[in-house]
Amino acid sequence: MNRFGEMHCSIAQAVGVLGEPWTPLILRDLFLGLSRFDELAEDLGISRNLLTRRLEHLVAAGVVERRPYQDRPVRYAYGLTQAGRDVVPALFTLMAWGDRWATPPGGPPALLVHSCGERFTPVVTCPHCGGEANADTVTPVAGPGAAQGPGTMVLAAPPAREDGRRESDPVGHLIARVADGLGQVDQGQ
C-alpha cells in the first residue's frame, strides 16, 4: 500500500486509485485555506523538493498564483487562480467517488455544505434538463478538436453501422441512438 492509501482523506483515497496524487491534494489544501509553503508541506507530508516542483508547475500552468507575504527573507503565499477555482467542482466529484468507494475508516473526513445551508453530495447534471450525467446517460461524440491521432482516434472516426461500415454523419447517428433509446423507455423497456 502506498502513503496515499494510508491518508485519512477521501480525495487522497480516490487519487491513490485513479491518478497522480499530489496535484489534487495541493489544490484541495489551497481551497481549504492553506496558503503558505510550510502549511502545505506539513499537511500533505510531502517532501519540500517535490512540493516546490509541483507548485512551480501549477504556477506555470496558471492554476495557482504565488504572492510575496514577507520581504526578509522573501516568502510566498499560494492561492488558486480562476483556473484553479474552476477545478474545485472536479475535486468535489473525486471526493464523492472516494466517499462511496474508498472512504477512510470512520466515514468521510469532510462533508460539503452549499451556500443555501444544506449538506450535499456532488452530482454532475445536464445544464439543459437537470438530469444526472453519468456513464449510463451520456454519449460522447466527436467535437471540433477530434482528429486522427492518439487520444481522439475513436472520436474522429465515424461510428460503425450495424453492417460494420462507418456512418458518415456521427451527429445524425447519435440522434437516431437517442431516439431509439427514448422509444425503448416509452415502451417500458
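Note: the structure precedes this text.
For every chain, the first residue of the written sequence is number 1, and numbering continues from 1 onward in sequence order. At least 70 in pLDDT is required for a residue's local features to be given in this predicted model, at least 80 for side-chain atom pairs to be given and counted, and no such filter applies to totals for whole chains, interfaces and linings, which use all residues. Side-chain calculation: all heavy atoms of the structure are included, whereas hydrogens and water are not.

(A) Quick look at the overall build of the protein chain. Numbering of helices and strands runs from the N terminus, with a helix taken as a DSSP run of H or I at least four residues long and a strand as a DSSP run of E at least two residues long. Of regular secondary structure, the protein chain possesses eight helices and four strands. Going from the N terminus to the C terminus, the protein chain shows its helices and strands as α-α-α-α-α-β-β-α-β-β-α-α. Here the protein chain holds 189 residues, and 26% of them are scored as buried. Contacts are residue-level and defined by heavy atoms, with any inter-residue pair within 4.5 Å sufficient. Taking the intrachain contacts of the protein chain between residues at least 6 apart in sequence as the baseline, contacts between residues at least 24 apart amount to 37%. Per-residue accessibility takes into account occlusion by the displayed protein chains alone, with areas from the Shrake-Rupley method and a 1.4 Å probe. With an accessible surface of roughly 12800 Å², the protein chain has 54% of that area assigned to carbon and sulfur atoms. Three exposure classes are used, based on accessible area relative to the maximum for each residue type with a 1.4 Å probe and protein chains only: buried under 20%, partly exposed in between, and exposed over 50%.

(B) Broad picture of the packing of aromatic side chains. What counts as a ring pair is set by centres within 6.5 Å for rings of Phe, Tyr and Trp (its six-membered ring), and what kind of pair is set by the plane angle: stacked under 30 degrees, edge-to-face over 60, tilted for all other angles. By the definition in use, this model includes one aromatic pair. For the pair F31 and F92, a centre-to-centre distance of 5.6 Å together with 75° between the ring planes defines the contact as edge-to-face. Taken together, the positions of F31 in helix α3 (residues 22–31) and F92 in helix α6 (residues 82–101) put the pair 61 residues apart, joining distant regions of the chain. Here, over-ring charges are defined by two tests on the NZ atom of lysine or the CZ atom of arginine: distance to the ring centre within 6 Å, and angle to the ring normal within 35 degrees. Here the guanidinium or amino end of R66 rests over the ring plane of Y76, the centre of that ring lying 3.8 Å away.

(C) Just the pattern of salt bridges, in detail. The rule for a salt bridge is simple: a side-chain nitrogen of Lys or Arg has to be within 4 Å of a carboxyl oxygen of Asp or Glu. This structure, assessed with the given rule, holds four salt bridges. With a closest N to O distance of 3.2 Å, E65 and R67 form a salt bridge.

(D) Quick peek at the packing of helix α4 (residues 37–44) against helix α5 (residues 48–60). Across the interface, α4 lies against α5 with an axial gap of 10 Å and an inter-helix angle of 120°. When the axis of α4 is compared with that of α5, the two are oblique. In terms of crossing hand, the pair formed by α4 and α5 is right-handed. Facing α4, whose interface residues are F37, D38, L40, A41 and L44, α5 presents R48, L51, T52 and L55. Working convention: axes come from line fits to C-alpha atoms, limited for helices to the stretch in contact. Angles between N-to-C directions cover 0 to 180 degrees. An angle below 35 degrees is read as roughly parallel, one above 145 as roughly antiparallel, one from 65 to 115 as roughly perpendicular, and any other as oblique. A clockwise turn of the near helix away from the far one marks a right-handed crossing, whereas an anticlockwise turn of less than a right angle marks a left-handed crossing.

(E) Structural detail: α5. The end-to-end C-alpha distance of α5 is 18 Å, a good match for the 18 Å that 13 residues give at a rise of 1.5 Å each. Along α5, the residues that are buried comprise L50, L51, L55 and L58. Along the axis of α5, the buried positions cluster into a sector of 130°, meaning they face one direction only. For α5, exposure combined with an orientation more than 90 degrees from the buried face picks out N49, R53, E56, H57 and A60. Residues of α5 that are buried make contact with α3, α4, β1 (64–70) and β2 (75–80). With its phi angle positive at about 80°, G62 sits one or two positions after the end of α5. Multiplying 1.5 Å by the residue count of a helix minus one yields the expected span of that helix. Read the arc as the range of directions from the helix axis to the C-beta atoms.

(F) Here's a closer look at the state of the cysteines. Here, a disulfide means two cysteine sulfur atoms that sit within 2.5 Å of each other. Within this structure, the stated rule accounts for zero disulfides. Left without a disulfide partner, C129 is nearest to the cysteine sulfur of C126, which lies 4.0 Å away.

(G) Seen up close, the packing of α3 against α4. Between α3 and α4, the least distance of the axes is 11 Å, while the angle of their chain directions is 120°. As the angle between them shows, α3 and α4 are arranged oblique. Crossing of α3 against α4: the hand is right-handed. Of α4, the residues touching α3 (which contributes W22, L25, I26, R28, D29 and L30) are L40, D43 and L44. Among the residues making up the contact of α3 with α4, the classes are represented as six nonpolar, no polar and three charged. Under the grouping applied here, Gly and all other residues not named as nonpolar or charged are polar, the nonpolar ones being Ala, Val, Leu, Ile, Met, Phe, Trp, Tyr, Cys and Pro and the charged ones Asp, Glu, Lys and Arg.

(H) Looking closely at unusual backbone geometry. Cis geometry marks the peptide bond from R72 to P73; its omega dihedral reads -15°. Summarising the element assignment, P73 is placed in the loop between β1 and β2.

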